[in-house]
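As a plain string of letters, each chain reads:
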Amino acid sequence: MLQPRSIQSTLGIRDKILSLDFVLVISILLLGIISMFAMYSTDGGEFKYHTNSHILRFFVFFGMFFIVSFISIRFWHETSYLIYIGVFILLLGVKYFGLTSSGSKRWLDLYFMNLQPSELMKIGLILFLAKYYHRISIEGINSFRYLLLPITVLIAPVILVATQPDLGTSILIAAGGIIVAWLAGVRAKFFTISALAMLALLPIAISFLKPYQKSRILTFLNPERDPLGAGYQIIQSKIAIGSGGLFGKGFLNGSQSYLDYLPEKHTDFIFTLFSEEFGFFGSLFILLLYSLILSRIIRIGHMTRSNFGKLYCYSFATAFFIYVAVNMMMVLGLLPIVGSPLPIMSYGGSSMMSIMFGLGIVMSCKIYKDVPVN
Amino acid sequence: MLSPGSGNTVIKSKLISRRMFLITAAKAVVMVGLVGRLISLQINQATKYKSLSDKNRFREWKLAPERGAIKDFFDTKIASSEPLYQLHLVPENAKDLDNLFVRLKAILNITDRKVSYLKRVIKKQKPWEPVIVSENLNWSDFSRINLFLHELEGVEPIVSVARTYPDNSSAHILGYVSQISTKDLQTKEYLKDLAVPGMAIGKTGLERKLDEQIIGKVGYQRYEVNAFGKRIREIKIDEGQAGKSFKTTLDYEVQKYTNELLKDKAAAVCVMDVYNGDIVSLVSSPTFEPNEFVHGLDKAYWNSLIKNDKKPLANKALSGLYPPGSTIKTLVALSALENKIIRPLDTFRCKGKIELYGEKFHCWEKDGHGIVNLRKGIQRSCDVYFYEVARKLGVDRLSATAKRFGLGKKVLKDFIEERSGVVPNTKWKKKFIGQNWYLGETLHSGIGQGYFQSTPLQLCLMTAQIANGGFEIKPRIIVEGKNDNLRNYLKHKNENPNEPLPTDLLVSNFNLKPLFKNQEHINLIKDAMFSSSNEPGGTSYRHRFENPKFTFAGKTGSSQIKRFTEAQREAEVKQENLPYKDRDHALFVAFAPYKNPQYAISVLVEHGGSGGKAAAPIAKKVIKKVLERHELRRSIKNQIGESV
């Protein structure tokens, strides 16, 4: 049953390449190429700053994806805690040395790029908890002693990010951590109790929200409340998507976006732009592509032998799904505008880096699927 | 070491897979939800969102239509829409605004004040919204700008259309146009769909009366705009429709001539065709420059208009109210004849004044006219004769005749500035003043003073209806088809001297309304007016024409501003020696030629003194001018299908 370790650990580069999940690789590449066209359209049909920089980033991080893939899963298992600690230090760094832009402090100036460590924390937390739950025995999982550390490593970065302030990302980070715990077998009762506790604390939390955050939530509940202010984004996004119809307005013909009615069209609302230009069928194609990527990740999780790999792949798949679902529900007017990028499609280096890194580890699980991690 | 027990690992792995299965099921549900939402937005509600998107995308700008022209009777345009050269500046296209203004100042005549005003406007509006540097450039400035255009980035020469008037001779009757005000929008129904910012609408005169039809249909210009309202490109343009043009009964040549005659006087002249009521000329003086109103009025000019004592903005022919003075004597005499109060040869003795209940009523001729009958009464304008006639007639019968001849009511339709005046009687005084009528007031009414108020247009109509033999005519200023019943009737009568039909039946066959009981009475009045103008002793004898082609019959009048005191009367103070403001208004009404009347005229000169001295000479000149153009005018009439 167990294959000798030596065989797997001495995989040649050719073997590694051949054992890549090509469906996944091609899906990612396809999505990347689509995102380049979308970005080209946001630039009004010209190769301007956003398009050029998006293309460059995609290929740089796509390359990184392969490098991460080819490094043994054992290495990633061993460095999990370190990665988490490293990202956490970066988050602290943001707090003291971060760049402030439109009222929130999210970025570190690394000279060649502005890094958003909160995006990396999405993967860092999953890695940390996957390793943690991989190590403790099934009996210990629900004992209070073993819950303490997970809660701490989850809460600490969430609070740091939420106070940047970046509510959206902090919720997405928390979602990733909770999923790992759920998958590892933490009792449903515990989640129920936590949820109730959260609900009880909600009024207090709301009192800490910034006025603009409150207004976003109220606006979500009733977008027509302030059609030119906070509700503007949701209304314009729905108009753009709805007016796309079945087949869309055609490439470079999205009037909502090129006449600047669409806000944040490079980042959070890139799907809106695509949907306006390519209509229902185009949107459906994007959804199918994301579904394909998800199913491949789940398949790899299923194939990989180590529980670390399984936990990681399943959690990453779920987190990835949540990112996609939250972004789409947001632009479709089903969720408040919380500011979450669409994986791979949206403009943004840190998000791209984090997703490609996460996918790289998934692929490493595939290549080293039979390698025991400890 | 290997995991403490591979059994533990397997159990764990099974647990993970089980829970993952649950999550995957949840994901599928969410995915279905997303697809459902897409179906709802992009398929079910696509139409709604498409129209919302278009509403975002397109913005329509209204285009002001070209105003229709107003032409005189000979098709000369007296108000037209002419090309206008403007200079616009789009700030965002200009590289260096300060530099640009320096260049513009060198090329055009722009004041520093204007420049600082423009800079303030630019600051207030969006950078792509044009500002108007110059509203109305002359051709040489415009071509100079075009020559230097390559070095004036951001500047756009624009050709537009604007109301233009050839001169100011017809300013009052045409009225003027200027920018729509909020009050116009509230009160004028037709402007609801029409209003274009900056569009000029008619404010007075014909421009106002005809506004609804002359203004035209608004065009649209559809642009694609971005979220900030900037025009990206033009999608569609609908030029709209130019307004209807109108032909008037006015004679531009006579207008110019009369306007020149009245220069520097506060005066009004009205000339009317006696058979169809066509207004040949209607001039009020001093006039104003209507072109100045089109592009926002210059403040200094406006002040000079409203501070002028001679009231250049008022149309004195329509809205000036003056006691008709002795011109009313024609109607007093007619009324007395019709009511069988007097016979033409009944006489009174004029000793210069009469006394009634202790009050003295003076004749203008201090020494009196002696024995006076009707003809002499009108010829010399003897006040005492008319005091006596009025006393016998009574004010109520006089007022009925005066109203029948068009006094006391509006003559034209839809001229807001026209006033109806007053024809007093006992009921009127009770109603409006709340007092009983005194006999003394009847005497004043008999010479057209007291409560009597009339406009020069009404006096002209009155004279025209006497001149045409006593038939009602409806004055008009817009040519709308034929209007020649009275001429046809006269022609018919001339050609059929032995017409068997009784006159009243014949008259109604021609759709005419006689204003008399016995036409002979009208002829008596006409004859008396002839003597007043053409026989020695007549009040306007000095200004007669010997040539029968121009011979006119008229009646002078003066409306009193201030009562003469006994002292002034004793001292024989002359009107010319009174202060300007205290002098009487001079009036003169006439028709010409006497033998075959064609036109009636009324002349008013404010504070001109006596009618014979101030008004009659003007009437004489205008009558000559009008009669000289009579053949020409009739030939036009033939062209548009009317018989002589």
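Residues numbered from 1 in each chain as written. Chains lettered and ligands numbered in written order. Predicted model: local features only at pLDDT ≥ 70, side-chain atom pairs only at ≥ 80, totals over all residues.

**Student:** Help me understand the overall build of chain A, please; the structure alone is not making it clear to me.
**Tutor:** Within chain A, the secondary structure is distributed over 15 helices and three strands. Taking all 374 residues of chain A together, the buried fraction comes to 51%. In chain A, once contacts between residues fewer than 6 apart in sequence are set aside, the share between residues at least 24 apart is 70%. (Helix = DSSP H or I, 4+ residues; strand = E, 2+ residues; numbered from the N terminus. Buried ≥ 20, exposed ≤ 12 C-beta atoms within 10 Å, placed from the backbone. Contact = placed C-beta atoms within 7 Å.)

**Student:** For this particular structure, what's the right way to read the pairing of strand β12 (residues 279–285) of chain B?
**Tutor:** Walk down a regular strand and you will see the side chains alternate between the two sheet faces. Residue and element names in this part refer to chain B. Counting buried residues along β12, seven of its seven residues qualify, which places the element largely inside the surrounding structure. Inspection of the sheet shows strand β11 (residues 267–273) paired to β12 by six bridges, in the antiparallel sense. Within β12, the position partnered with Ala 267 by the bridge is Ser 285. Hairpin connection between β11 and β12: a loop of five residues separates the two successive antiparallel strands, and Gly 277 in this loop has a positive phi of roughly 75 degrees. (Pairing = 2+ DSSP bridges.)

**Student:** Would you mind showing me how to read the environment of A:Met64 here?
**Tutor:** Residues and elements named next belong to chain A. Along the chain, Met 64 falls in helix α4 (residues 49–70). Separated by 289 residues in sequence, Met 64 and Met 353 have C-alpha atoms that sit 8.3 Å apart. Setting aside its immediate chain neighbours within four residues, Met 64 contacts Met 356, Phe 357 and Gly 360.

**Student:** Can you help me understand the nonpolar core in this one?
**Tutor:** When a protein is soluble and globular, its nonpolar side chains tend to lie buried together. Formed by 122 residues in total, the largest nonpolar core has its most connected members in B:Val269, B:Cys270, B:Met272, B:Ile601 and B:Ala615. A domain-level breakdown of this core finds at least three residues from each of domain 1 (57–76 + 166–248) and domain 3 (252–639) of chain B. Excluding residues that lie within four positions of it along the chain, B:Cys270 makes contacts with B:Ile279, B:Leu282, B:Ala317, B:Pro456, B:Leu457, B:Cys460, B:Ile601 and B:Ser602. One finds A:Phe65, A:Trp182, A:Cys313 and B:Leu38 within the second-largest nonpolar core, a separate group that totals 108 residues. (Core = buried A, V, L, I, M, F, W, Y, C linked by C-beta atoms within 7 Å. Domains from an automatic or database assignment.)

**Student:** Honestly, the packing of helix α11 (residues 232–244) of chain A against helix α13 (residues 270–303) of chain A in this entry has me stumped. Any pointers?
**Tutor:** Axes are the key here: two packed helices are described by the angle between their axes and the distance separating the axes. All names here are of chain A. In contact at an axis separation of 6 Å, α11 and α13 are set at 25 degrees when each is read in the N-to-C sense. Overall, the two elements α11 and α13 adopt an arrangement that is roughly parallel. Judged by the sense of rotation from one axis to the other, the crossing of α11 with α13 is left-handed. Contacts from Ser 237, Ala 240, Ile 241, Ser 243 and Gly 244 in α11 reach Thr 272, Ser 275, Glu 276, Glu 277 and Gly 279 in α13. Broken down by class, the residue content of the contact of α11 with α13 amounts to two nonpolar, six polar and two charged. (Axes fitted to C-alpha atoms, helices over the stretch in contact; angles between N-to-C directions. Parallel < 35°, antiparallel > 145°, perpendicular 65-115°, else oblique. Left-handed = near helix turned anticlockwise from the far one by under 90°. Nonpolar A, V, L, I, M, F, W, Y, C, P; charged D, E, K, R; others polar.)

**Student:** How do you make sense of the interface of chain A and chain B when you look at a structure like this?
**Tutor:** Interface extent is often summarised as the accessible area lost during association of the parts. Listed as interface residues are 37 residues of chain A and, on the opposing side, 37 residues of chain B. Counting residues per element, the ones that place at least two in the side of chain A that touches chain B are α8 (167–184), α11, α12 (255–258), α13 and α14 (307–331) of chain A. Residue contributions to the side of chain A that touches chain B peak at eight residues, all from α14(A). A breakdown of the residues in the side of chain A that touches chain B according to their chemical character gives 21 nonpolar, 13 polar and three charged.

**Student:** Honestly, the pairing of β11(B) in this entry has me stumped. Any pointers?
**Tutor:** Residue and element names in this part refer to chain B. Counting buried positions over the seven residues of β11 gives seven, a clear majority of the element. On β11, burial covers both faces: Ala 267, Val 269, Val 271 and Asp 273 on one face and Ala 268, Cys 270 and Met 272 on the other are all buried. Where β11 lies against strand β19 (residues 599–605), seven bridges are found, and the strand directions are antiparallel. In the strand pairing of β19, Ala 267 is matched with Val 605.

**Student:** Is there a simple way to think about the sheet that holds strand β9 (residues 231–238) of chain B in this case?
**Tutor:** What holds strands together in a sheet is hydrogen bonding between their backbones, with the strands either parallel or antiparallel. All names here are of chain B. Strand order in the open sheet formed by three strands is β1-β8-β9, with antiparallel pairing between adjacent strands. Where the open sheet ends on each side, the last strands, each with one partner, are β1 (58–63) and β9. Across this sheet, the average inter-strand angle for adjacent strands is 25 degrees, counted without regard to direction. In the sheet, strand β8 (residues 219–225) pairs with β9 via six bridges, with the strands oriented antiparallel. Within the sheet, the bridge partner assigned to Val 225 lies in β9 and is Arg 231.

**Student:** Is there a simple way to think about the sheet that holds β12(B) in this case?
**Tutor:** Residue and element names in this part refer to chain B. Spatially, β12-β11-β19-β18-β17 is the arrangement adopted by the five strands of the open sheet, whose pairing is antiparallel. The open sheet terminates on both sides in strands that have one partner only, identified here as β12 and β17 (553–559). Going across the sheet, the axis of each strand differs from the next one's by a mean of 10 degrees, ignoring polarity. Taken together, the seven bridges between strand β18 (residues 585–592) and β19 define a ladder with antiparallel strand orientation. Looking at the pairing, Ala 590 lines up with Ile 601 of β19.

**Student:** Would you take a moment to explain the environment of A:Gly339 for this structure?
**Tutor:** Residue and element names in this part refer to chain A. Mapped onto the elements, Gly 339 comes out in the loop between α14 and α15 (349–367). A C-alpha to C-alpha distance of 7.4 Å links Gly 339 and Thr 169, two positions 170 residues apart in sequence. Apart from residues lying up to four places away in sequence, Gly 339 is in contact with Asp 166, Gly 168 and Asp 268.

Note that every value here comes from positions in space, so none of it alone points to a role or purpose.
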